Amino acid sequence: MLFFVKNFKKCAGVLDRYVEQFFKIFHKKERKNEPPRKMLNSYKLSAWINARFPLREIWNKNARQYLTPRNLNFWYFFGVFSLLVLVNQIVTGIWLAMIYTPTSADAFSSVEHIMRDVPFGWLLRYMHAVGASAFFIVIYLHMYRSIMYGSFKAPRELLWIIGMLLYVVLLIESASGYVLPWGQMSFWAIKVLITVFSVVPFIGKQIVVWLQGDYSVSGVTLHRFFAFHVIAIPLMIIFLVWAHIVALHHVGSNNPTGRDVEKIPFHPYYTIKDLSGVIVFLFVFFFIVFYAPTMHGYFLEPANFTPANPLVTPLHIAPPWYLAPYYSILRAIPNKLMGVSLSAGAIVLLFFLPWLDRSKIKSIRHRGILTKIALTIFVISFVGLGFCGTENLTDTNILFSRIFTAFYYLFFLTMPFYSKV
Amino acid sequence: MNQDDSIDEKRRAFLTGATVAMGAIGVAAACVPFVASMLPSADTIFAGGPVRVKVSGMKLGDQLTVMWRGKPVWIIARGDAALASLNTDTNLLRDPNSTVDQQPPYAQNIYRSRKPLHLILVGVCTHLGCTPTYRPDPHSVSPDWPGGFFCSCHGSKFDLSGRVFKGVPAPINLEVPPYVYLSDDEILIGASEAPK
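Note that the structure is predicted; figures quoted are calculated from it, not measured. (Residues numbered from 1 in each chain as written. Chains lettered and ligands numbered in written order. Predicted model: local features only at pLDDT ≥ 70, side-chain atom pairs only at ≥ 80, totals over all residues.)

A. Region of interest: the overall build of chain A. Along chain A, the regular secondary structure elements total 19 helices and two strands. With the C-alpha coordinates of chain A rotated into their principal frame, the extents come out at 90 × 60 × 45 Å. Burial status across chain A gives 33% buried among its 421 residues. The contacts of chain A with a sequence gap of at least 6 include a subset with a gap of at least 24, amounting to 76%. (Helix = DSSP H or I, 4+ residues; strand = E, 2+ residues; numbered from the N terminus. Buried ≥ 20, exposed ≤ 12 C-beta atoms within 10 Å, placed from the backbone. Contact = placed C-beta atoms within 7 Å.)

Shown next as structure tokens:
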């Protein structure tokens, strides 16, 4: 490669001849009586590349000739936004990893060092922290879009399942990232999360020690969660994103009507449209980064500004907001095994959505009143559970958590019946 | 051997199966170092050794917290009133007789201790690992509160020998660690027998 750059002119000369030769073979008949044409250097380069790597083919297949319904509305921005946030997380994450120290003694102070001493360190960290919350806002809206317009239905079941896997992996990624600042909330939230595995019959306690690498959550645990957060899980996310896009481009986008509509090429129509959406998104995103990076304790909890202390549990333990709905279910059930099973089940049920929905119609626009009511109740339950999960535990809170849990489950379990009507 | 040139499907299936089986064993064996390296290392195990605690300075009702294996271990000096509260209303408890294996055999009694005076508990809630708070005064948590430990994370309640109440998320009693009296004033936490 370096040789190529250094000897660009020389190489280009060789290429010229090569491409000319190449051209002559294929266009002999047409070119017989014409004088030899001059070709642009850029064209020669692309011809050289495309003879060796299907760059143009990939571009045509996925953009220039990739057909997209002409009626996609703003709900279809969130896929592109999540890709943008992923890039943001990777880039800011690499820079943060240069400065952050994953040991129990130095983790907390290295984050303070990033915030106070490193030029623009505060910006990198806030972009990363706000990016994590933005990721989930965007993903939840993206998932809601699929549920609303029936995008999970045939032939997009696998697309939906790959997306759900991405969601689960993303939850693990964010939970492991939440540990790294090593504040009180980092410590106690991960302790609660790891202890969830103690419900596994017979080997529960051993699994917990194995995950922690110690008899309790310690610096050993912190260090391995750092490895998960920056290497293992990002690789899985990138692979799954690739699979998600391959699956999407194989079956094509659904659209708000849920029926076949006229299609237009992705490029230039949707590249331009998405770009304008991206501008609006970045405007909102950076407004939050600059003016409300902690989002009043929702994006960065106040308790996490105190270093981790294994001897003192904060009076009010709350998970990050995007985990709060499942945490609510966990708290609402007085039995530990049932609580863990039901909050895990809340995610597992989503995987089965394509088979729970028996309707022949995809989009909510053409569905019956029962489905519309059910979806409304589901949204209220999910948001309600999320709210309960971030609030203090009171009898009212538990009562509402239980009601919302019941409705959340009813949405899925009665779906085979009401969706058929 | 086959006389003709036909393919021996049976032999081929056997060879494929045997190769796959050997490969699977190899993969499983290759997993061992990766899984095992995540277990506690030698120095972590060493750091988790027993801890000596002097209890001579404790007054009745006092709570002493020491670290053992990175977890808080409480030593509570219980007076007569505290011990009396253990005898009332065993109906409210999930496991009043400590049948679940959360204590060494010598602590499987109503006091859940070697001597009624000292209660020794791992201060980690059996629900999801928070540290409950010591609330010895009756009626301090709820009107019917007899005194005990309250976990503010998810509202689990335990009595003054660490036994869990019914209707709370914690499934079992608090853990009693292995311990031994080296003398009346000194306790070794983390071992059931005094070192020779």
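The structure having been displayed, the exposition proceeds.
B. A look at the overall build of chain B. Along the backbone of chain B there are three helices and nine strands. Counting from the amino terminus, helix and strand elements in chain B follow one another as α-α-β-β-β-α-β-β-β-β-β-β. Against the compact-globule benchmark of 16 Å for 196 residues, chain B has a radius of gyration of 26 Å, which places it well outside the compact range. Seen through its C-alpha atoms, chain B measures out along the principal axes to roughly 95 × 45 × 25 Å. Burial analysis of chain B (196 residues in total) assigns 29% to the buried set. For chain B, contacts bridging at least 24 residues in sequence account for 56% of all contacts bridging at least 6. (Rg over C-alpha atoms; globule rule 2.2 N^0.38 Å.)

C. Layout of the nonpolar core. Counting residues in each nonpolar core, the largest one holds 82 residues, and the members touching the most others are V130 and A189 of chain A together with I120 of chain B. Broken down by element, this core gets its largest block of residues, ten residues, from helix α8 (residues 121–149) of chain A. Setting aside residues up to four positions removed in sequence, I120 of chain B forms contacts with V73, W74, I75, S113, V176, P177, Y179 and I189 of chain B. (Core = buried A, V, L, I, M, F, W, Y, C linked by C-beta atoms within 7 Å.)

D. Focus on the interface of chain A and chain B. With 26 residues of chain A in contact, the opposing surface of chain B contributes 23 residues. Elements with a minimum of two residues in the side of chain A that touches chain B: α10 (184–195), α11 (204–212), α12 (219–251) and α15 (336–351) of chain A. Along the lines of polarity and charge, the residues of the side of chain A that touches chain B split into 14 nonpolar, seven polar and five charged. (Nonpolar A, V, L, I, M, F, W, Y, C, P; charged D, E, K, R; others polar.)

E. Representation of the packing of helix α14 (residues 324–332) of chain A against α15 of chain A. All names here are of chain A. Packing of α14 against α15 leaves a shortest axis separation of 8 Å and a crossing angle of 150°. Accordingly, the angle class assigned to the pair α14 and α15 is roughly antiparallel. Viewed along their axes, α14 and α15 form a crossing whose handedness is right-handed. Here α14 contributes Y326, I329 and L330 to the contact with α15, which in turn contributes G339, V340, L342, S343 and A346. Residues that form the contact of α14 with α15 fall into these classes: six nonpolar, two polar and no charged. (Axes fitted to C-alpha atoms, helices over the stretch in contact; angles between N-to-C directions. Parallel < 35°, antiparallel > 145°, perpendicular 65-115°, else oblique. Left-handed = near helix turned anticlockwise from the far one by under 90°.)

F. Region of the structure containing the sheet that holds strand β6 (residues 148–150) of chain B. Residues and elements named next belong to chain B. Read from one edge of the open sheet, three strands run β5-β6-β7, paired in antiparallel fashion. Sheet topology places β5 (133–135) and β7 (157–159) at the edges, where each strand pairs with a single neighbour. Here the strands of the sheet are splayed against their neighbours by 25° on average, with no regard to which way each runs. Note that β6 and β7 share three bridges and pair antiparallel. Each residue of the ladder has a partner; that of F149, found in β7, is F158. (Pairing = 2+ DSSP bridges.)

G. Representation of unusual backbone geometry within the structure. Cis rather than trans, the peptide bond between A154 of chain A and P155 of chain A has omega equal to 5°. Note on placement: P155 of chain A falls in the loop between α8 and α9 (157–179). In the segment running from H267 of chain A into P268 of chain A, the intervening peptide bond is cis, with an omega of 10°. Within the secondary structure, P268 of chain A sits in helix α13 (residues 266–291). The backbone phi angle of W182 of chain A is positive, close to 55°, even though this residue is not glycine. Position of W182 of chain A among the secondary structure elements: in the loop between α9 and α10. C-beta crowding within 10 Å serves as the criterion here: with 25 such atoms nearby, W182 of chain A is assigned to the buried category. Although it is not a glycine, R69 of chain B adopts a positive phi angle of roughly 55°. Tracing the sequence through the fold places R69 of chain B in the loop between β2 (63–68) and β3 (71–77). By C-beta crowding, R69 of chain B is classed as buried, having 22 other C-beta atoms within 10 Å.

H. Quick peek at the domain arrangement of chain B. Domain boundaries in chain B define domain 1 (1–39) and domain 2 (46–189). Averaged C-alpha coordinates put domain 1 of chain B and domain 2 of chain B at centres separated by 54 Å. (Domains from an automatic or database assignment.)

I. Representation of the packing of α8 of chain A against α13 of chain A within the structure. All names here are of chain A. Interhelical geometry of α8 versus α13 gives an angle of 125° and a closest axis separation of 10 Å. It follows from the interaxial angle that α8 and α13 lie oblique. α8 and α13 meet at a crossing whose hand is right-handed. Residues Y126, M127, V130 and A134 of α8 pack against F285, I288 and V289 of α13.

J. Looking closely at the environment of I189 of chain B. Residues and elements named next belong to chain B. With respect to the secondary-structure elements, I189 resides in strand β9 (residues 186–189). Of the residues examined, I189 has 20 C-beta atoms within 10 Å and is grouped as buried. For the pair I189 and P177, spaced twelve residues apart in the sequence, the C-alpha separation amounts to 7.0 Å. Excluding residues that lie within four positions of it along the chain, I189 makes contacts with P50, V51, V53, V66, W68, V73, I120, P177 and Y179.

K. Structural context of α9 of chain A. Residue and element names in this part refer to chain A. The end-to-end C-alpha distance of α9 is 34 Å, a good match for the 33 Å that 23 residues give at a rise of 1.5 Å each. When we look at burial in α9, the residues that qualify are L159, W160, I162, G163, L166, L170, E173, A175, S176, G177, Y178 and V179. At its buried positions, α9 is contacted by α8, α10, α12 and α16 (353–356). (Expected span 1.5 Å × (residues − 1).)

L. Representation of the pairing of β2 of chain B within the structure. Of the pairings in the sheet, the one linking β2 of chain B to β3 of chain B comprises six bridges and is antiparallel in character. Of the residues in β3 of chain B, the one forming a bridge with T65 of chain B is W74 of chain B.

M. The arrangement of the sheet that holds strand β1 (residues 51–54) of chain B in detail. Residues and elements named next belong to chain B. Here we have three strands laid out as an open sheet, ordered β1-β9-β8, and antiparallel in their pairing. Edge positions in the open sheet fall to β1 and β8 (179–183), since each of these has one partner strand only. In this sheet, adjacent strand axes meet at a mean angle of 25° when their direction is disregarded. With four bridges connecting them, β8 and β9 associate as antiparallel partners. For Y181, the partnering residue across the bridge sits in β9 and is I187.

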